[in-house]
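This is what each chain is made of:
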Amino acid sequence: MATSPASADPPGSWLHEDLHWLFARLKQGLSTAEAAVVREHGMNLWGYTVLMAIVEAPARTQLALAQAVSVDKSKLVLILDELEGAGLVLRRPDPADRRARIIEVTPRGSLALKAARGDIEAVEERLLADLDLPARTALRDALRHLAGAPILRVEDGQPPGSACPPHQA
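Residues numbered from 1 in each chain as written. Predicted model: local features only at pLDDT ≥ 70, side-chain atom pairs only at ≥ 80, totals over all residues. Heavy atoms only, no water.

> Hey, could you go over the side chain of Glu124 for me, with residue numbers and the actual values?
Secondary-structure assignment places Glu124 in helix H6 (residues 107-128). Given the relative accessible area of 16%, Glu124 is considered buried. Here Arg117 takes part through its side chain, which lies 3.4 Å from a polar atom of the side chain of Glu124. For Glu124, the residues in contact, after removing those within four places along its chain, are Glu34, Arg117 and Arg140. (Helix = DSSP H or I, 4+ residues; strand = E, 2+ residues; numbered from the N terminus. Buried < 20%, exposed > 50% of the residue type's maximum accessible area, 1.4 Å probe, protein only. Polar contact = N/O pair within 3.5 Å; in protein donor to acceptor, adjacent residues only side chain to side chain. Contact = heavy atoms within 4.5 Å.)

Next up, the structure:
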């Protein structure tokens, strides 16, 4: 009988007490499941993330968008190229600064995002199925909290590393 990565070490082991490993394992599993889901809607996970950020702030510039989703500016350009090629976003000059571009979700992009979001919620529901509603709420609240001031404290003023650095040859 094969063991899964999560069952290789018993709970209470150093590995299962390490927050980095716990978050990395959850990210790995969610990425695997969600990448397949969003691919069905004509995008990858970064495209999905960028579309959500654009919907939240439609007049956002590329620079502000890169900062908001923690992606390198050069990688963002590639993501936007893919989204634009798929007809999911448009880039237009910012009337206040012709060098800047404003990114907008197209009607097709809105439909794709809404459908993908529904499928992502189903994946999240399967992940959280063993937790009751108060535990789910507490988990999401705790994660939102930790992603704010506490992580800034831990970073201790160091510039945050990009979650998606440019490809190094």
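> Hey, could you go over the confidence of the model for the protein for me, with residue numbers and the actual values?
In this model, the protein carries a mean pLDDT of 86, and residues with pLDDT of at least 70 account for 86%. When the elements of the protein are averaged for pLDDT, strand S2 (residues 97-105) gives the smallest value, 85, and H6 the largest, 97. (pLDDT = per-residue confidence, 0-100.)

> Please provide a residue-by-residue account of the pairing of strand S1 (residues 89-94), values included.
Direction of pairing for S1 relative to S2: antiparallel, over a ladder of six bridges. Following the sheet pairing, Leu90 is matched in S2 by Glu104. Hairpin connection from S1 to S2: two residues lie between these consecutive antiparallel strands. (Pairing = 2+ DSSP bridges.)

> Before we move on, could you go through helix H2 (residues 19-39) and cite the residues and values that matter?
For H2, built from 21 residues, the straight-helix expectation of 30 Å at 1.5 Å per residue is met to within 8% by its first-to-last C-alpha distance of 29 Å. Among the residues of H2, Trp21, Glu34, Ala35, Val37 and Val38 are the ones counted as buried. Next to the buried residues of H2 lie helix H1 (14-17), helix H3 (45-56) and H6. The distance from a side-chain oxygen at the start of H2 to the backbone nitrogen of His20 is 3.2 Å, and the residue carrying that oxygen is Asp18. (Expected span 1.5 Å × (residues − 1).)

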